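The chain contents come next:
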Amino acid sequence: MKFVALSGSLRAESINTAVVRTAAELCLPPVSMTVYEGLGELPFFNHDVETEGPPPEVMAFRALLESADAVLISSPEYAHGTSGVLKNGLEWVVGGGELVDKPVAVVTASPSMTGGDRAQAWVKETLEVMGAHILPESLPIPLATAKVAAGRVNDEETLGALRDVLAAMARAAKERGTEE
Ligand SMILES: Cc1cc2nc3c(=O)[nH]c(=O)nc-3n(C[C@H](O)[C@H](O)[C@H](O)COP(=O)(O)O)c2cc1C
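The chain is annotated in an unreviewed UniProt entry as NADPH-dependent FMN reductase of Streptomyces flavochromogenes.

In structure tokens:
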């Protein structure tokens, strides 16, 4: 079973990138998770370019999502929304339909008490209109700076919650697989 994870932050010390890297390490065979690191290299979405034929990096991003049994997205909250870089990446897969019916879990990690709940609502609304299967186990992580060290989540409660998210992704992917 193959999962793909996206972090909506390009920051070197990102708590959201720490979340997806930790989640990838929590996956046990037969589940594996690929952390996509190329969001920052995707060009700004342009419908003209999409119509003419998207560039190779966009095609590779689409193919990776297409190949995933489930997707984990961890988003920062900027100015009460998600990051531009994540929204841009999602715009490139609206037309391709790679996330239609795909199980997607949304995590938002923020230093604030709210855990990025407004960004979470933004990402979910975008995913909903794209036809993704948004998992109810999606997770806000409040006060997240104190739960990360050396690029990984180290808070036991959060690690447990991430394991629950991964289990929900596996269940949903399995159910989808048996329906097809
Ligand atoms: C321009 C800017 C706007 C921000 N706006 C919010 C916000 O609306 N809500 C929030 O919880 N945190 C906000 N933050 C704090 C981010 O959640 C924090 O920088 C976080 O570490 C970003 O995620 P990352 O560590 O994955 O890069 C903002 C930070 C910046 C630089």
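We are not done yet, so read on.
Another point: unusual backbone geometry. Following Pro-29, the chain continues into Pro-30 via a peptide bond in cis, with omega recorded as 10°. Position of Pro-30 among the secondary structure elements: in the loop between helix H1 (15-26) and strand E2 (32-36). A positive phi angle is found at His-80, which is not glycine, with a value near 65°. Along the polypeptide, His-80 turns up in the loop between strand E3 (70-75) and helix H4 (84-92). Although it is not a glycine, Leu-143 sits at a positive phi angle of roughly 50°. Among the structural elements, Leu-143 can be located in the loop between strand E6 (139-141) and strand E7 (148-149). Take Leu-143: its relative accessible area is 40%, and that puts it in the partly exposed class.

With that out of the way, let us pick up the pattern of salt bridges. Counted under the stated rule, the structure contains seven salt bridges. One salt bridge in this structure joins Arg-21 and Glu-37, with 3.5 Å as the shortest N-O distance. Of this pair, Arg-21 sits in helix H1 while Glu-37 sits in the loop between E2 and helix H2 (47-52), and the two are 16 residues apart along the sequence. With a relative accessible area of 30%, Arg-21 lands in the partly exposed category. Here the salt bridges share partners, and the residues they tie into one network are Glu-77, Asp-117 and Arg-118.

Cut-offs and rules
- Residues numbered from 1 in each chain as written.
- Predicted model: local features only at pLDDT ≥ 70, side-chain atom pairs only at ≥ 80, totals over all residues.
- Heavy atoms only, no water.
- Helix = DSSP H or I, 4+ residues; strand = E, 2+ residues; numbered from the N terminus.
- Buried < 20%, exposed > 50% of the residue type's maximum accessible area, 1.4 Å probe, protein only.
- Salt bridge = Lys/Arg side-chain N within 4 Å of Asp/Glu carboxyl O.

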